[in-house]
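# Observations on the model geometry
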Amino acid sequence: MKNTVAVRGITIGEGAPKICVPMVGRTMAGLKEEAAFLKTVDLDLVEWRVDFFEDVEDIAKVKAALSEIRAILTDVPLVFTFRSAKEGGEKEVSTVFYMELNRLVAESGLVDIIDVELFNDEKAVKTLIEAAHANNVFVIISNHDFDKTPAKEEIVSRLRKAQELGGDLPKIAVMPTNTSDVLILLDATNTMNEQYADRPIITMSMAGKGVISRLAGEVFGSAMTFGAAKKASAPGQVPVTELRKFLELVHTNL
């Protein structure tokens with residue numbers, strides 16, 4: 001029996017994959033407007049992609065923006081993500097700042113989940129996971145390859161590493177260069193899910209070729225998918241208005 005992740009009435013790893021929608025506003029005003037709009041959207045979780053925020057390097061302003069977002073999205077599970085430039089994000093910051101930002105946000109009581117990139121110093125990642133868990137915050141341990149799809153064994157290895165480090169939700173997103181790459185990602189997801197995972201995992205193949213992985217992930221073992229409300233934060237995200245229909249269609253036929 002695999003563990004699940006239960007947060008604000010949503011259970012990840014149970015039923016159909018949960019839909020997470022990113023917020024990508026650059027200003028406080030833009031974020032408030034975006035949050036208000038997302039209240040009207042059929043979603044399960046919201047991810048604040050803070051690397052888009054113009055004041056991301058001012059932690060006080062980040063926390064102030066979080067307070068505003070939480071005041072609007074009172075009951076919605078909130079994921080906090082700074083995606084580094086090397087993994088497809090908007091900017092690069094020092095590792096020290098990255099870890100401090102995530103730690104202080106985890107301690108703020110304003111978020112439910114933080115996203116920590118796998119390819120950081122292992123000791124620092126473990127320390128951050130411990131700090132998050134001490135504040136009842138779950139952790140996605142993620143890896144994104146916007147250039148290619150690694151070999152199946154490497155994908156499984158990275159997901160297993162994320163699990164071994166203590167991540168509650170191991171995640172990987174890869175870029176297909178051909179249709180065979182999509183099959184590699186799905187096969188790796190299935191192997192991880194059936195042979196190694198003791199908790200929910202999140203996987204996806206990006207861009208147009210990989211859309212099937214966002215729609216049929218449940219078949220292979222992925223417990224969450226990302227959909228776009230206004231602006232996508234990664235290539236291949238399906239509009240959330242369509243996404244729910246596809247997920248339910250797959251789920252009811254399994």
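Only a predicted model underlies this, so the values are computations on that prediction, with no experimental measurement involved.

UniProt annotation of "binding site: 3-dehydroquinate" (unreviewed entry) refers to Glu-47, Trp-48, Arg-49, Arg-83, Arg-214, Ser-233 and Gln-237 when read in the numbering used here. Structurally, Arg-83 can be placed in the loop between strand 5 (78-81) and helix 3 (95-107). According to the relative accessible area criterion, Arg-83 is buried, its value standing at 3%. Once residues lying within four places of it in the same chain are set aside, the contact partners of Arg-83 are Glu-47, Arg-49, Asp-51, Gly-88, Gly-89, Glu-90, Lys-91, Asp-115, Glu-117, Ser-142, His-144 and Lys-171.

Now for helix 3. Look at helix 3: 18 Å from first C-alpha to last across 13 residues, which is about the 18 Å you get at 1.5 Å a residue. When we look at burial in helix 3, the residues that qualify are Phe-97, Tyr-98, Met-99, Leu-101, Asn-102, Val-105 and Ala-106. Taken together, the buried residues of helix 3 touch helix 2 (59-72), strand 5, strand 6 (113-117) and helix 4 (122-134). In the segment just after helix 3, Gly-109 is the residue with positive phi, at about 80°.

On inspection of all chains with the given rule, the structure shows three aromatic pairs. Taken together, a centroid distance of 6.1 Å and an interplanar angle of 80° make the contact between Phe-82 and Tyr-98 edge-to-face. Of this pair, Phe-82 sits in the loop between strand 5 and helix 3 while Tyr-98 sits in helix 3, and the two are 16 residues apart along the sequence. An aromatic cluster of three or more residues is present, and its members are Trp-48, Phe-53 and Phe-80.

Before going further, it helps to examine the side chain of Asn-120. Here Asn-120 shows up in the loop between strand 6 and helix 4. One polar contact links the side chain of Asn-120 to the main-chain carbonyl oxygen of Glu-117, over a distance of 3.0 Å. Beyond its immediate sequence surroundings of up to four residues, Asn-120 is in contact with Thr-95, Tyr-98, Met-99 and Val-125.

Bringing the layout of surface pockets into the picture now. Considered as a void within the structure, the largest pocket measures approximately 250 Å³ in volume. If you trace the largest pocket, you find 14 residues lining it, with Gly-13, Glu-14, Gly-15, Gly-221 and Ala-223 closest to the centre.

A word on the nonpolar core. As a rule of thumb, soluble globular proteins bury nonpolar side chains together. By size, the foremost hydrophobic cluster in this structure holds 50 residues, and its most contacted members are Met-23, Trp-48, Val-50, Leu-73, Phe-80, Leu-101 and Ile-114. Beyond its immediate sequence surroundings of up to four residues, Leu-101 is in contact with Val-50, Val-56, Ile-59, Val-62, Phe-80 and Phe-82. Grouped together as the second largest cluster of nonpolar side chains are 18 residues, Val-5, Ile-12, Leu-45 and Ile-113 included.

Reading the values: the criteria
Residues numbered from 1 in each chain as written. Predicted model: local features only at pLDDT ≥ 70, side-chain atom pairs only at ≥ 80, totals over all residues. Heavy atoms only, no water. UniProt positions renumbered as here; feature names shortened; annotations may be inferred. Helix = DSSP H or I, 4+ residues; strand = E, 2+ residues; numbered from the N terminus. Buried < 20%, exposed > 50% of the residue type's maximum accessible area, 1.4 Å probe, protein only. Contact = heavy atoms within 4.5 Å. Expected span 1.5 Å × (residues − 1). Phe/Tyr/Trp six-rings, centres within 6.5 Å; stacked < 30°, edge-to-face > 60°. Polar contact = N/O pair within 3.5 Å; in protein donor to acceptor, adjacent residues only side chain to side chain. 1 Å grid on protein atoms, 1.4 Å probe; cavity = no way out; pocket = protein on both sides within 12 Å on 5 of 7 lines; lining within 4 Å. Points joined across faces, edges and corners; volume = space filled by probe spheres on them. Core = buried A, V, L, I, M, F, W, Y, C linked by side-chain atoms within 4.5 Å.

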